[in-house]
Structures are given as C-alpha cells and as structure tokens.
Amino acid sequence: MKRLTAYVLLLALLLTGCGGSVDPDEAQESIQVIAMDTAMLITTYGERSPAAAYACEDTIRDLEAKLSRTDPDSEVSRLNAAGGAVLEVGEDLGVLLDAAAYYQFTTGGAFNIAIAPLASAWGFTEDHFRVPSQEEISGLLKLVNGFSLQQTPEGVALGPGQSIDLGAIAKGYAADKIVQVLQEYEVPRANINLGGNVLAYGTRPGGAPWRVGIQDPKRTDEPNAFAGVLELEDSFAVTSGGYQRYFEENGKRYHHILDPATGYPADSGLASVTVVADCGEGSGLSGMMCDALSTALFIMGEETALDFRRNWSGLPFELVLITEDGRVVATGGLADRFTLDESSGYTYEEAAS
Ligand code: AMP
Ligand code: MG
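Residues numbered from 1 in each chain as written. Chains lettered and ligands numbered in written order. Predicted model: local features only at pLDDT ≥ 70, side-chain atom pairs only at ≥ 80, totals over all residues. Heavy atoms only, no water.

Caption draft 1: Here's a closer look at the sheet that holds strand E2 (residues 38-45). Judged by pairing direction, the sheet is mixed, and its nine strands sit side by side in the order E1-E2-E5-E6-E9-E12-E13-E14-E16 without closing on themselves. In this open sheet, the two edge strands, each paired with only one partner strand, are strand E1 (28-35) and strand E16 (347-350). Pairs of neighbouring strands in the sheet enclose a mean axial angle of 15°, with direction left out of account. Where strand E14 (residues 327-330) and E16 come together, four bridges link them in parallel fashion. For Val329, the partnering residue across the bridge sits in E16 and is Glu349. Each of E1 and E2 is contacted by helix H2 (residues 49-67), which is oriented at about 15° to E1, the strand it contacts most. Running at roughly 20° to strand E6 (residues 197-201), helix H7 (residues 170-184) makes contact with E2, strand E5 (190-193), E6 and strand E9 (235-241) of the sheet. (Pairing = 2+ DSSP bridges. Helix = DSSP H or I, 4+ residues; strand = E, 2+ residues; numbered from the N terminus. Axes fitted to C-alpha atoms, helices over the stretch in contact; angles between N-to-C directions. Contact = heavy atoms within 4.5 Å.)

Here is the structure:
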C-alpha cells in the first residue's frame, strides 16, 4: 500500500513537473577542451546535453587530427611533406581547400593559407619566435604569393616548396560542424567558445540573447576586460586580433597575422576585427566565412574592410572594428546589439552604410 502511494506521488510529480525537477531544456553540461592550440569551452543544454557536448568535442578532435600543422600524421602535414606529389584528401580538407581558394580570391590575396612557410620563419607555428631577415622574407613571399594548388581526380598537390596553414579558418569550420551536431542532438541552446570563435546557439535559458564580450585588445592580461558586449542569438562572432599571439623584440611587438603583401605582421591600424553572422537555417558555412574574413579584414584595415563589406555579395555579416587609436566602429546591423563598456575608454562610432 505504502509503495503504491509513493508510486502515485512520483507519477504525479513527473506529470506536473513539480517537486524541483529541472526543465529538460535547462539541463546543462559544460566541458573544457584543449585543442587546436586553444582552451575551448563547450556548454550545451537540453536532455541530451552531456552526449551533445562530448559529440562536439569528438568533432573538434577529429578535425584537429586531420588539419593540424604540428601533428606529422595529419592530412595537412602529409600534404605539406609530399614534395609536390598528388595526395588524396578527405572531405573536410577538400571543403577547406576550396573555401580557402575562394577567400583568397575574394579578399584580393589578403587571406592566403600558403602563408605557412612565412609563419614558421617568424616562429609562430613552432613557438621559436624570431624576426627573419628581409632577404628571407622576400624569398618566402615568392612561395606564398605564387601559391598554386593542383586539383586532379586523384587528389591535390602543392607547388614546389609550398605548404599550407589552416589556422585562420579551421576553428570557424569546426563551429559549422558543431552546429550540425547540435541540430542532430536536438539541443535547444548552447554556448560554444572555441577561443576567439564564439557560437551563440539559440538563446540563453529564459529567452534572452547570449552576451558575448569582445576582448579589449589593450587589457589582455585582465580576464573579462571587454571593449563592449554583443547580445546575440543564433549567431557566430569571430574575432581576430594581433593581441591573440605575439612576441616582442627590441621593444617592438610582432603578431601572428601576416600580410601576404609585405611578409610582416599586418600593420593596418586595427587592433581587432569581429565578424558576426547568422548560424540559423540557410547560413551554410558561415562560421568559416566569419573566421576567414576576420583574418583578412584585419589585414585590410578599417576603410578597406568597410568597403569590402559594402561590396560583398555573399552571406550577410556585420562588423565590430577596434582601432589602434581607441575607437570601436560597428556596422548598422549591430546598433541595437552592441553595448560599449564605458570604462574601457574607447569611443563608439557607427560605420556609414
Ligand atoms: P585568426 O586567428 O583566425 O585570425 O588566424 C590567424 C592564424 O592564421 C595565424 O596564427 C596563422 O596560422 C594564420 N595566418 C596568418 N596570416 C594569415 C593570412 N594572411 N592568411 C591566412 N592565414 C593566415
Ligand atoms: Mg580567422
């Protein structure tokens, strides 16, 4: 009799959802993943949140194993070491190579994955930082700007001496694949931070937009020192900035985003570029687009970046530019979604449309 009462009570609780049980949409799993040279944070919600979070991790690790430049067994390393021989490539690398060619063309060469030998010469790949001689840079620039990818039915081949680095695009592509995982697991909301690449999926619990801070490039030693905050739902926000990786020599700072026109770290007057785009239905590989463009527009500088956006005929995107001279410039679509951190000392401007 007692057992029956308990059973009925339990059933009533389950049916009414009372008794302090968690709304299945709000159940949450957070995991930290160290991959692609980055500390990442994956937070998923919903009944299947633990399985979904670990499936996101698997996606990242699978891509890292294929795309890493420092793992000698990755497809990218094997292609780089192939000495110009044709190599069969898997679907992910195939998609990335096509996309890289597209972004190289559309950005007038600012985006160029053949930057690899130059990135190594500066020591950014292997953490042996140094300033190469002008002669060395000029020699390597010939490889970068003479980039030719031979695509045959049997596979792809790089030109002699050439090698590729997908560091400017791989995390964005990973974010696109993560969107697919979240859909597959019917995750209602998630916040995925792949280090500079944020995916604000759905809304926060309760329906408010996610708050995505944009790092203040001048205060990188302070955690959560933001120039401002974006309120986003179903969006990617990808930031490129010189502050993310650099070394100093003789009082001068050298960062990791290299201008293929000069072979030196880009010096365009920008401290960071954030590209924002939808991740909802019909937005295709927009995480990858944000990643490729944040790198390229950082190299272009403010005026050229804003002109580039005005003339862009691909998927729509918005921008937040932080300039070296202390301004935050946002494009019109973010006017209601960006709030400047008044204590940061930046001034805010809306870009002319
Ligand atoms: P991101 O943080 O997405 O802007 O990517 C920066 C990384 O992309 C660097 O660490 C390099 O590995 C690579 N990279 C540097 N310069 C370029 C460039 N001009 N085009 C493509 N990739 C680049
Ligand atoms: Mg990028």
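There is more to say after this.
Caption draft 2: Spotlight on the confidence of the model for the chain. The share of residues in the chain with pLDDT of 70 or more is 94%, and the mean pLDDT across the chain is 92. Confidence drops under a pLDDT of 50 for residues 1-20, and excluding neighbours within four residues, the segment shows two contacts in the predicted structure. (pLDDT = per-residue confidence, 0-100.)

Caption draft 3: Representation of the site of ligand 1. In the vicinity of ligand 1 there are 16 residues, among which Asp165, Ser240, His256, Leu258 and Thr295 approach most closely. One of the backbone N or O atoms of Ala110 is found 2.9 Å from a nitrogen atom in ligand 1. The separation between a nitrogen atom of ligand 1 and a polar main-chain atom of Leu258 is 2.8 Å. Protein contacts shield 90% of the accessible area of ligand 1, which totals 500 Å² for the unbound molecule. With three residues, helix H8 (residues 286-300) is the largest single contributor of residues to the shell around ligand 1. Taken together, the residues that form the shell around ligand 1 break down as eight nonpolar, six polar and two charged. (Near = heavy atom within 4 Å. Polar contact = N/O pair within 3.5 Å; in protein donor to acceptor, adjacent residues only side chain to side chain. Areas by Shrake-Rupley, 256 points an atom, 1.4 Å probe, with all protein chains shown as cover. Nonpolar A, V, L, I, M, F, W, Y, C, P; charged D, E, K, R; others polar.)

Caption draft 4: Summary view of the coordination of the magnesium ion (ligand 2). Protein coordination at the magnesium ion (ligand 2): the donors are Ala168 (O), Asp291 (O), Asp291 (OD) and Thr295 (OG1), at 2.1 to 2.4 Å from the metal. Read in sequence order, the donor residues coordinating the magnesium ion (ligand 2) give the pattern A-x122-D-x3-T. In this pair, Asp291 and Thr295 both sit in helix H8, four residues apart, roughly one turn of the helix. Relative accessible area serves as the criterion here: at 5%, Asp291 is assigned to the buried category. (Donors = N, O, S within 2.8 Å, 3.2 Å for Na, K, Ca; no water. Buried < 20%, exposed > 50% of the residue type's maximum accessible area, 1.4 Å probe, protein only.)

Caption draft 5: The arrangement of the sheet that holds strand E15 (residues 338-340) in detail. With antiparallel pairing, the three strands of this open sheet are ordered in space as E7-E8-E15. For this open sheet the edge positions go to strand E7 (210-215) and E15, each flanked by a neighbour on one side alone. Going across the sheet, the axis of each strand differs from the next one's by a mean of 25°, ignoring polarity. Where E7 lies against strand E8 (residues 226-232), six bridges are found, and the strand directions are antiparallel. Looking across to E8, one finds that Ile214 is bridged to Gly228.

Caption draft 6: The packing of helix H4 (residues 91-106) against H8, seen in detail. Here H4 crosses H8 at 45°, and the two axes come no closer than 11 Å. It follows that H4 is oblique to H8 by the angle criterion. Judged by the twist between their axes, the crossing of H4 over H8 is right-handed. Across from Val95, Leu96, Ala99 and Tyr103 in H4, the residues of H8 making contact are Met288, Met289, Ala292 and Leu293. When the residues that make up the contact of H4 with H8 are grouped by side-chain class, the tally is eight nonpolar, no polar and no charged. (Parallel < 35°, antiparallel > 145°, perpendicular 65-115°, else oblique. Left-handed = near helix turned anticlockwise from the far one by under 90°.)

Caption draft 7: Broad picture of helix H9 (residues 302-311). For H9, the complete set of buried residues consists of Glu302, Ala305, Leu306 and Phe308. All buried residues of H9 project into a common sector of 155° when viewed along the axis, lining one side. Opposite the buried face of H9, by more than 90 degrees, sit the exposed residues Glu303 and Asn311. Contact partners of the buried residues in H9: H4, strand E12 (270-278), H8, strand E13 (318-323) and E14. (Arc of directions from axis to C-beta.)

Caption draft 8: Fine view of the nonpolar core. Within the largest apolar cluster, 74 residues are counted, with the highest numbers of intra-cluster contacts made by Tyr103, Leu166, Ile169, Leu199, Leu293, Leu297 and Phe317. Looking at which element gives the most residues to this core, the answer is H8, with ten residues. With residues up to four places along the chain from it excluded, the contact list for Tyr103 reads Phe111, Ile169, Met289, Ala292, Leu293 and Trp312. With 20 residues, the next largest nonpolar core counts Leu232, Ile322, Val328 and Phe338 among its residues. (Core = buried A, V, L, I, M, F, W, Y, C linked by side-chain atoms within 4.5 Å.)

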